[in-house]
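Below, each chain spelled out in residue letters.
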Amino acid sequence: MRYIANLVNADKMAGRTRKYKVIFSPQKFYACEMVLEEEGIYGDVSCDEWAFSLLPLDVDLLSMELPEFFRDYFLEGDQCWINTVAQALHLLSTLYGPFPNCYGIGRCAKMSHELWRKLEEEEDGETKGRRPEIGHVFLLDRDVDFVTALCSQVVYEGLVDDTFRVKCGSVDFGPEVTSSDKSLKVLLNAEDKVFNEIRNEHFSNVFGFLSQKARNLQAQYDRRRGMDIKQMKNFVSQELKGLKQEHRLLSLHIGACESIMKKKTKQDFQELIKTEHALLEGFSIRESTNYIEEHIDRQVSPIESLRLMCLLSITENGLIPKDYRSLKTQYLQSYGPEHLLTFSNLRRAGLLTEQAPGDTLTAMESKVSKLVTDKAAGKITDAFSSLAKRSNFRAISKKLNLIPRVDGEYDLKVPRDMAYVFSGAYVPLSCRIIEQVLERQSWQGLDEVVRLLNCSELAFTDMTKEDKASSESLRLILVVFLGGCTFSEISALRFLGREKGYRFIFLTTAVTNSVRLMEAMSEVKA
Amino acid sequence: MNRTKGDEEEYWNSSKFKAFTFDDEDDELSQLKESKRAVNSLRDFVDDDDDDDDLERVSWSGEPVGSISWSIKETASNSGSNHEREQLKNRNNFSSYTQLPKPASTYSLSSIFRGRTRPGSFQSLSDALSDTPAKSYAPELGRPKGEYRDYSNDWSPSDTVRRLRKGKDKLQLLEEAVSMHDGNVITAVLIFLKRTLSKEILFRELEVRQVALRHLIHFLKEIGDQKLLLDLFRFLDRTEELALTHYREHLNIQDPEKRKEFLKTCIGLPFSAEDSAHIQDHYTLLERQIIIEANDRHLESAGQTEIFRKHPRKASILNMPLVTTLFYSCFYHYTEAEGTFSSPVNLKKTFKIPEKQYVLTALAARAKLRAWHDVDALFTTKNWLGYTKKRAPIGFHRVVEILHKNSAPVQILQEYVNLVEDVDTKLNLATKFRCHDVVIDTCRDLKDRQQLLAYRSKVDKGSAEEEKIDAVLSSSQIRWKN
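- Under the annotation held in an unreviewed UniProt entry, chain B carries the name Spermatogenesis-defective protein 39 homolog and is attributed to Lipotes vexillifer.

- You'll find chain A entered in an unreviewed UniProt entry as Vacuolar protein sorting-associated protein 33B isoform X3, with Lipotes vexillifer given as the organism.
- Per UniProt, chain A has the following entry under Sequence similarities (unreviewed entry): "Belongs to the STXBP/unc-18/SEC1 family."

**Some details on the overall build of chain B**
Part 1: For chain B, the helix and strand inventory stands at 30 helices and two strands.
Part 2: The long-range fraction of contacts in chain B, counting pairs at least 24 apart against all pairs at least 6 apart in sequence, stands at 54%.
Part 3: With an accessible surface of roughly 24400 Å², chain B has 50% of that area assigned to carbon and sulfur atoms.

**Quick notes on the overall build of chain A**
Part 1: Looking only at helices and strands, chain A has 24 helices and 11 strands in total.
Part 2: The C-alpha atoms of chain A give 26 Å as radius of gyration, which agrees with the globular expectation for 526 residues (24 Å, within 12%).
Part 3: Along the three orthogonal principal directions, the C-alpha set of chain A runs to about 85 × 70 × 65 Å.
Part 4: The burial tally for chain A puts 59% of its 526 residues in the buried class.
Part 5: Sequence separation of at least 24 residues holds for 76% of the intrachain contacts in chain A that already meet a minimum separation of 6.
Part 6: Here chain A displays about 23200 Å² of accessible surface, and carbon together with sulfur accounts for 52% of that area.
Part 7: Taken together, the 69 basic and 75 acidic charged side chains of chain A have centroids lying 3 Å from each other.

**A closer look at a nonpolar patch on the surface**
Part 1: A surface patch of nonpolar side chains, amounting to about 290 Å² of accessible area, comprises A:Ile23, A:Trp50 and A:Phe52.
Part 2: Locating A:Phe52 in the fold gives a position in the loop between strand S2 (45-49) and strand S3 (55-58).

**Things to note about the nonpolar core**
Part 1: Grouped together as the largest cluster of nonpolar side chains are 178 residues, with contacts concentrated most on A:Tyr156, A:Leu351, A:Tyr426 and A:Leu478.
Part 2: With residues up to four places along the chain from it excluded, the contact list for A:Leu478 reads A:Leu89, A:Leu92, A:Phe99, A:Ile134, A:His136, A:Val137, A:Phe138, A:Ile505 and A:Leu507.
Part 3: B:Tyr358, B:Ala408, B:Val417 and B:Leu429 belong to the second-largest nonpolar core, a separate cluster that totals 54 residues.

**Topic: the confidence of the model for chain B**
In regions of low pLDDT, the predicted coordinates are not meant to be interpreted in detail.
Residue and element names in this part refer to chain B.
Part 1: Taken as a whole, chain B shows an average pLDDT of 71; of its residues, 66% reach a score of 70 or greater.
Part 2: The model gives residues 14-30 a pLDDT under 50, and that stretch makes 29 contacts with residues more than four places away or in other chains.
Part 3: Scored below 50 in pLDDT, residues 39-162 shows 225 contacts in the model against residues more than four places distant or in partner chains.
Part 4: Across the predicted assembly, pTM comes out at 0.78 and ipTM at 0.85.

**Some words on the packing of helix H15 (residues 321-335) of chain A against helix H16 (residues 340-349) of chain A**
Residue and element names in this part refer to chain A.
Part 1: Running from N to C, H15 and H16 cross one another at 140°; their axes reach a closest spacing of 10 Å. With respect to their mutual orientation, H15 and H16 come out oblique. For the pair H15 and H16, the contacting residues are Tyr324, Lys328, Tyr331 and Leu332 in the first and Leu340, Phe343 and Arg347 in the second.
Part 2: For the contact of H15 with H16, the per-class residue count stands at five nonpolar, no polar and two charged.

**Concerning the environment of A:Pro302**
Part 1: The topology assignment puts A:Pro302 in helix H14 (residues 302-315).
Part 2: Separated by 217 residues in sequence, A:Pro302 and A:Val85 place their C-alpha atoms 32 Å apart.

**Here we look at the packing of aromatic side chains**
Part 1: Counted by the stated rule, this structure contains 28 aromatic pairs over all chains.
Part 2: Pairing A:Phe99 with A:Trp116 gives two aromatic rings, centres 5.6 Å apart and planes at 50°, and the pair type is tilted. Of this pair, A:Phe99 sits in the loop between helix H4 (82-96) and strand S5 (101-105) while A:Trp116 sits in helix H5 (residues 107-122), placing them 17 residues apart in sequence. Judged on exposure class, the residue A:Phe99 and its partner A:Trp116 are both buried.
Part 3: Counting every residue linked through ring pairs, the aromatic cluster contains A:Phe69, A:Phe70, A:Tyr73, A:Phe74 and A:Phe146.
Part 4: The residue whose ring lies beneath A:Arg117 is A:Trp116, and the NZ or CZ to ring-centre distance is 4.7 Å.
Part 5: It is B:Lys348 that lies over the ring of B:Tyr358; its NZ or CZ is 4.8 Å from the centre.

**Comments concerning the sheet that holds S3(A)**
Residue and element names in this part refer to chain A.
Part 1: Read across the sheet, seven strands follow the order S3-S4-S11-S10-S6-S5-S9 without closing on themselves; strand pairing throughout is mixed. Strand pairing shows two members of the sheet lacking a second neighbour, S3 and strand S9 (459-463), which therefore form its edges. Taking each pair of neighbouring strands and ignoring which way they run, the sheet shows an average axis angle of 20°.
Part 2: Sheet topology note: the strand S4 (residues 61-63)/strand S11 (residues 503-508) ladder contains three bridges and is parallel. Residue pairing across strands places Leu62 opposite Leu507, the latter belonging to S11.
Part 3: Strands S5, strand S6 (136-141), S9 and strand S10 (476-482) of the sheet are contacted by H5, whose axis makes an angle of about 135° with S6.
Part 4: Contacts from helix H23 (residues 487-500) reach S3, S4, S10 and S11, with the element oriented near 160° to S11.

**Examining a positive patch on the surface**
Part 1: Positive charge collects at one region of the surface, where A:Lys262, A:Lys263, A:Lys266 and B:Lys405 lie side by side.
Part 2: Element by element, the count of residues in the positive patch is highest for helix H11 (residues 229-266) of chain A, at three residues.
Part 3: For A:Lys266, the position within the fold is in helix H11.

**Section: the domain arrangement of chain A**
Part 1: Here the domain parsing of chain A yields domain 1 (1-49), domain 2 (55-145 + 415-521), domain 3 (173-265) and domain 4 (287-316 + 318-362).
Part 2: Spacing between the C-alpha centres of domain 1 of chain A and domain 3 of chain A amounts to 49 Å.

**Description of helix H22 (residues 344-351) of chain B**
Part 1: The set of residues buried in H22(B) consists of B:Pro344, B:Asn346, B:Leu347 and B:Phe351. Each buried residue of H22(B) lies within a common arc of 160° when the element is viewed along its axis, so the set occupies one face.
Part 2: Looking at the buried positions of H22(B), the neighbouring elements they touch are H15 of chain A together with helix H19 (273-302), helix H21 (322-332) and helix H23 (355-368) of chain B.
Part 3: Looking one or two residues beyond H22(B), the residue adopting positive phi is B:Lys352, at roughly 55°.

Criteria and cut-off values
- Residues numbered from 1 in each chain as written.
- Chains lettered and ligands numbered in written order.
- Predicted model: local features only at pLDDT ≥ 70, side-chain atom pairs only at ≥ 80, totals over all residues.
- Heavy atoms only, no water.
- UniProt positions renumbered as here; feature names shortened; annotations may be inferred.
- Helix = DSSP H or I, 4+ residues; strand = E, 2+ residues; numbered from the N terminus.
- Contact = heavy atoms within 4.5 Å.
- Areas by Shrake-Rupley, 256 points an atom, 1.4 Å probe, with all protein chains shown as cover.
- Rg over C-alpha atoms; globule rule 2.2 N^0.38 Å.
- Buried < 20%, exposed > 50% of the residue type's maximum accessible area, 1.4 Å probe, protein only.
- Lys, Arg positive; Asp, Glu negative; His and termini not counted.
- Charge placed at Lys NZ, Arg CZ, Asp CG, Glu CD.
- Patch = residues over 30% accessible without salt bridge, like charges linked within 9 Å, V, L, I, M, F, W, Y side chains within 5 Å.
- Salt bridge = Lys/Arg side-chain N within 4 Å of Asp/Glu carboxyl O.
- Core = buried A, V, L, I, M, F, W, Y, C linked by side-chain atoms within 4.5 Å.
- pLDDT = per-residue confidence, 0-100.
- Axes fitted to C-alpha atoms, helices over the stretch in contact; angles between N-to-C directions.
- Parallel < 35°, antiparallel > 145°, perpendicular 65-115°, else oblique.
- Nonpolar A, V, L, I, M, F, W, Y, C, P; charged D, E, K, R; others polar.
- Phe/Tyr/Trp six-rings, centres within 6.5 Å; stacked < 30°, edge-to-face > 60°.
- Lys NZ or Arg CZ within 6 Å of the ring centre and 35° of its normal.
- Pairing = 2+ DSSP bridges.
- Domains from an automatic or database assignment.
- Arc of directions from axis to C-beta.

Right, dumping it as structure tokens:
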């Protein structure tokens, strides 16, 4: 607003008369008007709103393109976007009929749902009597499951996002991918046939799939050798275009894979994933902490270091004070003292916290560690950890079986559960919750889990008696992520859909990943 | 783009309309144009007290708009405000009655509260507030005609104040807003309260209203009202947030000297004990960097110092993190004595840099300069008998990686690979970096013939390594495992 005001005032000072129009999308906030007024240009500009709030990024993905939602709500506690969400839900319900079953978990979900219901009441009669086309709606707050959002992604779509940064459903592939000297902006959705087949696959399968496809393609091309004129004519007019298209897409995705491989090898991805899995499973915490410390010391990447610290904090219910102090100091020394502000933000958002002092654990640990060498102290800390700590993530993980027990190798080619999106190490918590609630059609039996998630009173069911709902519609589920959703979660739920015969449609305030989450919390422009 | 003025008007009018609905209705467009011309008569029309039709249109304007239009008179030009008002009235006439849900008009407090376009039932808010036609109550909301009249008449500032006077009503307004969950509405009410309540009273009331308080804080941050924000934190006794908010300002100061001075003022602030130390360090660091930068720039331009000639500086050291500064210092000022500001040892001491970090950084810097002797010296210690021994606080595998990254010659690499404690890691690294002697010796020590045979196929034919391998393989003294 101030920027606009400066432009207008500069023009005024220079004696230029112009007409100004400001279009607010998706809505204008009262505070904006106030600023215009304050700057003395309220009368000079005309304002409009463009209520464009739902962008279909794909056949099953709707985005509100509100990346600021996460910071505004989860850090600042500002509820300015709740109305936008309610409006979006209302729009969908007017288009697709009433939603007979509605579930939700989280404070923001609850508030959005209430506001939405108020909206529906006001506009009574519009949706009554219509056949519902979507049987279930599920509202989920991002802070119910931070862990999943912080993990490195290994399904192809997620990997592309983590590596190249997908914006609004499209991505910029640089010269190293296009094997030319130009970069290309590519739309990534179901229309890209090649992409559609590999997008949800674990990365280990993608290369094999692509090379097989390349071989098939070559075989198709080679068919032309044995053709007569008539067949050739047919081939050229009907098939060649499609083959060329496929060829182009293939080479693009193969290029992307190669680029990803190169980057990951350079980053020592193997080691990183090992640490992440250890944190998820609850083993070798001391070693993981040391890894993070080294990561910071080597100034590898400010965002990556922060992400790992947050993962450690959430899975362990906070860092032990000694670690918190030490890692924070090292972070400030490696990446800049102004990150003091970032740490304050992370603490407020609950992403990076310190365990309450006076824990039996800390006292014991410090006594014991004075007597033994570092290595042994680490092991003792681990032992105490499993006894004394009340780590909610661990408890939730146990109750919901988030860490699959595997005998032998986990088959990533033919996945048997949603954990494949994290190489078989971990089932995304958010997806598991959705799965359980849908199975039970309620929160029954999940009271303990809800309590552990600190969402007692914040998990709700809202069922309207709707006998018009066809069985077809009851299999269609709209999942609403408030605060962002990752491609891994989308892939996992698509898998669940295939397994259980559901079809999921995703509505998110924005597509997100660990990098975006950390950037949103960082007070300093990297 | 050669548009006539008339075209422009039409463009703006029509595009404005399109902004509202995706199904343009032509009648509405022509109606719009008509009413635009008739706008003044419209004003007279609705001044009439007993026109019930006005109720619907009138619901669009509310008392805050009145105050806005009042302030428009004070600040903006008349024509501008009239234009705005015209548009407002036009919108009143045409918008909102189509099926597609419309964005909420934020021109009216009451419509804000409803958060949608349908007029009609005020329900909760106005019902609560307008039981009686009492004047001192929030009359505008219950009596739309009154609103409109205020809006279109000449208003005085005192009128504004007279409207919602009772503090109780104002707070009730706030509470209503909070119960609706819509942050935009809550902020709108807070803006109003901020204008009409004294600071102390506002703060006192918000202290017990967490949701509204959060919104006020965020609002103040967004509009940059630093002073009020600090006052608020002081009142709430939130000392740490007070300190952090003050500290955050430094990011807006570009000039290094000014920033340094500002940081100095931050030192006494009520941070936690650890954070106070961090702030102190930040100040000291910037102070140092300014000195080093000035000095080095001088040296560089003088052109006499070899290191600067060979490796000209690519960027200034100002505002860089401590570790980067240490690297810089190890790169350009390695040999300096502890007394100077730019010596690495001085930095280490002043900022209490842990040994691990120091060695890691010094290694990276010296390796980049290919100063292998310095690297050696970093790890060599003399024990009391005078024998030298190599130790590293960071693990020699790390050392080897850094050396390799800086293209260290094989002999140097070899020496350090040999020092890696863990045998498997040692073998892996040796194989990876082709340190033949180490591989051969390690295989021999492990008595692993298969591994050695495998490695033999990787070395160049006829090379010295191959010969060595053959020699070892044929040695009768070794009892091979496999």
